[in-house]
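One-letter residues, chain by chain:
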Amino acid sequence: MTQTVQLPLWLFILIVVFAAVTALSHFLLPSVRWFFRRRLERAVERLNKRLTRPIEPFKLARRHDMIQRLIYDPQVSLEIVNYARSNGVPENVAFQKARDYAREIVPRFSTFAYFSFGIRLARLLANAVYRIETAASNETTFASLPRDATVVFVMNHRSNMDYMLVTYLAARSSALSYAVGEWARVWPLSTLIRSMGAYFIRRRSRGALYRKVLARYVQMATAGGVTQAFYPEGGLSLTGALQPPKVGLLSYVVEGFDPEGERDIIFVPVAINYDRVLEDRVLIAAGQRGDRRFGARITVVVGFVLRKMWRRMRGHDTRFGTAAVTFGDPLSLRRTGAEVPVSELSEMLMDRIAQAMPVLTVPLIARVMLQTQAPMSEAELLSKVGATLGQMPQRNRVPKPEVLAERVARASARLMKRGVISEGAQGLEIVPGQEPVLAFYANSIAHFPSEDAAPAAEIAATAGS
């Protein structure tokens, strides 16, 4: 027992390393994890006191536990058996496939990443690019929602900036959980997005097993009271107009709803409009080709954003006009009735989005110039824009009369700088070939009637096709 044992140095170092790792994993690390877990729980308690809708325990569950719960769900287990039979593979292979899908879908929500980093980034970026306008009724609408209901924001999709805007505006109320497509599965963007509670979906996947795993996750999150955000259109609008809704995620929510349960589901329509959509020419080009291949690389987008933020921090005005967000009339699934067809429900929600659409300066200018199709002076343009604005519903008008002249002058200058309109001897006129750009913006308010709206709608439809 007291004899000396000689060991090679490399073996001695290896034994020490293994001993240290064992000590850390069994004694030190659990204590450290408990310490930080307690601090996190206290931080969340303080945060929940100032949020209108506190963060639900479901959102704070460990990702590993959520994945286990999902793959052992009875409905998912049944689909695993069906998959194994249909594809002629062992059930353990089908089970591993379901596990892979669950790992891909389930987010890794971080309260710190969301409220300390994500919200600050969203606020900085949104204010660097736009002047943010919100309806006065937004706060009242959100505050009036039942505290024990699950809130689902249903939004139109104009730009990838939509995520930033709504995250920023909802920051004082709750933490949102987004459904994002394949575009966001790029490292390191994917890690950031997952930490902010977003979950990835394969929009083109038609496999029954994948759909079941996704459906059960959405239904579990909804039953757990997680505030969510959907884009019923399924993708960015290529024409600027509202697109026919797709019912995928919405159908999962409705199928998992229990009318006799304690928790109602409240859909909040959200209408978003811009004086400048950053991706407008990319979207227009894709619409003209008839595909959804977007040529903008992530490096180009990141470089553009960083330049804007740098100029903003140096005191330059880098904004592209106004971005406006308006909440429409909420819709209770319990009152509407879960037996209502999902297609009809989606149409109801899209109609409420349309009726809440903010009316901004550039869409007004685009509508007037497409209607007129003739050069006009700046005074004539201002007069026609003011008259058109006066025909819009009162609650949808964003530029107030006292600032309309300044907004029209700035918007016209930006359109001239972009080469969309020009100032000739007879006044302001459309640059040949730029009609699709104006149509893209005019289409966002094309559903609001006004004098001479029919000719303008025909021109916009022709230019956007």
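Up top you'll find the structure we're talking about.
We now turn to the structure provided with this report. Bear in mind the structure is a predicted one, so any value in this text is a computation, not a measurement. (Residues numbered from 1 in each chain as written. Predicted model: local features only at pLDDT ≥ 70, side-chain atom pairs only at ≥ 80, totals over all residues. Heavy atoms only, no water.)

### As for the overall build of the chain
Next, step 1: Of regular secondary structure, the chain possesses 20 helices and ten strands.
Next, step 2: The proportion of buried residues among the 465 residues of the chain is 48%.
Next, step 3: Across the chain, contacts joining residues at least 24 apart in sequence account for 77% of those joining residues at least 6 apart.
Next, step 4: Accessible surface, the chain: about 23600 Å² in total, of which carbon and sulfur atoms supply 57%. (Helix = DSSP H or I, 4+ residues; strand = E, 2+ residues; numbered from the N terminus. Buried < 20%, exposed > 50% of the residue type's maximum accessible area, 1.4 Å probe, protein only. Contact = heavy atoms within 4.5 Å. Areas by Shrake-Rupley, 256 points an atom, 1.4 Å probe, with all protein chains shown as cover.)

### Regarding the pairing of strand 2 (residues 150-155)
Next, step 1: Burial within strand 2 is extensive, with six of its six residues counted as buried.
Next, step 2: Of the two faces of strand 2, both are covered, the one formed by Thr150, Val152 and Val154 as well as the one formed by Val151, Phe153 and Met155.
Next, step 3: Bridge analysis of strand 2 against strand 5 (residues 228-230) gives three bridges, and the strand direction is parallel. In the strand pairing of strand 5, phenylalanine 153 is matched with alanine 229. (Pairing = 2+ DSSP bridges.)

### Remarks on the side chain of threonine 141
Next, step 1: Mapped onto the fold, threonine 141 is located in helix 7 (residues 138-143).
Next, step 2: Note on threonine 141: relative accessible area 13%, which makes it buried.

### Quick notes on the side chain of serine 332
Next, step 1: Along the chain, serine 332 turns up in strand 8 (residues 331-332).
Next, step 2: At 2.6 Å, the side chain of serine 332 and the side chain of aspartate 264 are in polar contact.
Next, step 3: Of the polar contacts made by the side chain of serine 332, one reaches the backbone nitrogen of arginine 334; its length is 3.4 Å.
Next, step 4: If near-sequence neighbours (up to four positions away) are discounted, serine 332 is found in contact with Asp264, Ile265 and Ile266. (Polar contact = N/O pair within 3.5 Å; in protein donor to acceptor, adjacent residues only side chain to side chain.)

### Considering the nonpolar core
Next, step 1: Judged by nonpolar contacts, the single largest core of 113 residues is most densely connected at Phe153, Tyr178, Tyr199 and Phe267.
Next, step 2: Here this core takes nine residues from helix 10 (residues 208-223), the largest share from any one element.
Next, step 3: When neighbours within four sequence positions are excluded, phenylalanine 267 is seen to be in contact with Val152, Val154, Leu250, Val253, Pro330, Leu331, Leu333, Leu345 and Leu349. (Core = buried A, V, L, I, M, F, W, Y, C linked by side-chain atoms within 4.5 Å.)

### Looking at unusual backbone geometry
If a residue is not glycine, its phi is most likely negative; likewise, a peptide bond is most likely trans.
Next, step 1: In this structure, glutamine 373 takes a positive phi of about 55 degrees despite not being glycine.
Next, step 2: In this fold, glutamine 373 is placed in the loop between helix 16 (361-372) and helix 17 (378-390).

### Some remarks on a nonpolar patch on the surface
Next, step 1: On the surface, a cluster of nonpolar side chains totalling about 290 Å² of accessible area is made up of Leu9, Ile13 and Val17.
Next, step 2: Looking at the secondary structure, you find isoleucine 13 in helix 1 (residues 9-50).
Next, step 3: For isoleucine 13, a relative accessible area of 44% puts it in the partly exposed group. (Patch = residues over 30% accessible without salt bridge, like charges linked within 9 Å, V, L, I, M, F, W, Y side chains within 5 Å. Salt bridge = Lys/Arg side-chain N within 4 Å of Asp/Glu carboxyl O.)

### A short note on the packing of aromatic side chains
Next, step 1: This model, assessed by the stated rule, comprises five aromatic pairs.
Next, step 2: Look at tyrosine 72 and phenylalanine 95: their rings are 5.4 Å apart centre to centre, the planes differ by 50 degrees, and that puts the pair in the tilted class. Of this pair, tyrosine 72 sits in the loop between helix 3 (63-71) and helix 4 (74-87) while phenylalanine 95 sits in helix 5 (residues 91-105), and the two are 23 residues apart along the sequence.
Next, step 3: Aromatic side chains tyrosine 130 and tyrosine 274 sit 5.1 Å apart centroid to centroid with 50 degrees between the ring planes, which places their arrangement in the tilted category. Here tyrosine 130, found in the loop between helix 6 (111-129) and strand 1 (131-134), pairs with tyrosine 274, found in strand 6 (residues 265-274); they are 144 residues apart in sequence, far enough to count as distant.
Next, step 4: With relative accessibility at 0%, the residue tyrosine 274 sits in the buried group.
Next, step 5: The lysine or arginine in question, arginine 276, covers the ring of phenylalanine 320, its NZ or CZ lying 4.5 Å from the ring centre. (Phe/Tyr/Trp six-rings, centres within 6.5 Å; stacked < 30°, edge-to-face > 60°. Lys NZ or Arg CZ within 6 Å of the ring centre and 35° of its normal.)

### Observations concerning the packing of helix 5 against helix 10
Next, step 1: For the pair helix 5 and helix 10, the least separation of the axes is 10 Å and the interaxial angle reads 45 degrees. It follows that helix 5 is oblique to helix 10 by the angle criterion. Judged by the twist between their axes, the crossing of helix 5 over helix 10 is right-handed. Contacts between helix 5 and helix 10 pair Ala94, Lys97, Ala98, Tyr101, Ala102, Glu104 and Ile105 from the former with Leu209, Tyr210, Val213, Leu214 and Tyr217 from the latter.
Next, step 2: For the contact of helix 5 with helix 10, the per-class residue count stands at ten nonpolar, no polar and two charged. (Axes fitted to C-alpha atoms, helices over the stretch in contact; angles between N-to-C directions. Parallel < 35°, antiparallel > 145°, perpendicular 65-115°, else oblique. Left-handed = near helix turned anticlockwise from the far one by under 90°. Nonpolar A, V, L, I, M, F, W, Y, C, P; charged D, E, K, R; others polar.)

### Section: the pattern of salt bridges
Next, step 1: Evaluation of the coordinates by the stated rule reveals seven salt bridges.
Next, step 2: For glutamate 406, the salt bridge goes to arginine 407, with nearest N and O atoms at 3.9 Å.
Next, step 3: Among the residues examined, arginine 407 registers a relative accessible area of 12% and is labelled buried.
Next, step 4: As a salt-bridge pair, glutamate 406 and arginine 410 come within 2.3 Å of each other at their nearest N and O atoms. Within this pair, glutamate 406 and its partner arginine 410 are both found in helix 18 (residues 401-417), separated by four residues, close to a single helical turn.
Next, step 5: One connected set of salt bridges, linked through shared partners, spans Glu133, Glu406, Arg407 and Arg410.

### Here we look at the packing of helix 4 against helix 5
Next, step 1: Where helix 4 meets helix 5, the closest approach of the two axes is 8 Å, and the angle between their N-to-C directions is 125 degrees. It follows that helix 4 is oblique to helix 5 by the angle criterion. Crossing angle aside, the handedness with which helix 4 passes helix 5 is right-handed. Facing Val76, Ile80, Val81, Tyr83 and Ala84 of helix 4, the residues of helix 5 in contact are Glu91, Ala94, Phe95, Lys97 and Ala98.
Next, step 2: Per-class residue counts for the contact of helix 4 with helix 5 are eight nonpolar, no polar and two charged.

### Comments concerning the environment of alanine 356
Next, step 1: Along the chain, the position of alanine 356 falls in helix 15 (residues 342-356).
Next, step 2: Given a relative accessible area of 2%, alanine 356 falls into the buried group.
Next, step 3: Remark: the alpha-carbon pair of alanine 356 and aspartate 329, spanning 27 residues in sequence, is separated by 8.2 Å.
Next, step 4: Not counting chain neighbours up to four residues away, the residues in contact with alanine 356 comprise Ala271, Thr326, Phe327, Gly328, Arg395 and Asn396.

In short, geometric facts, not functional conclusions.
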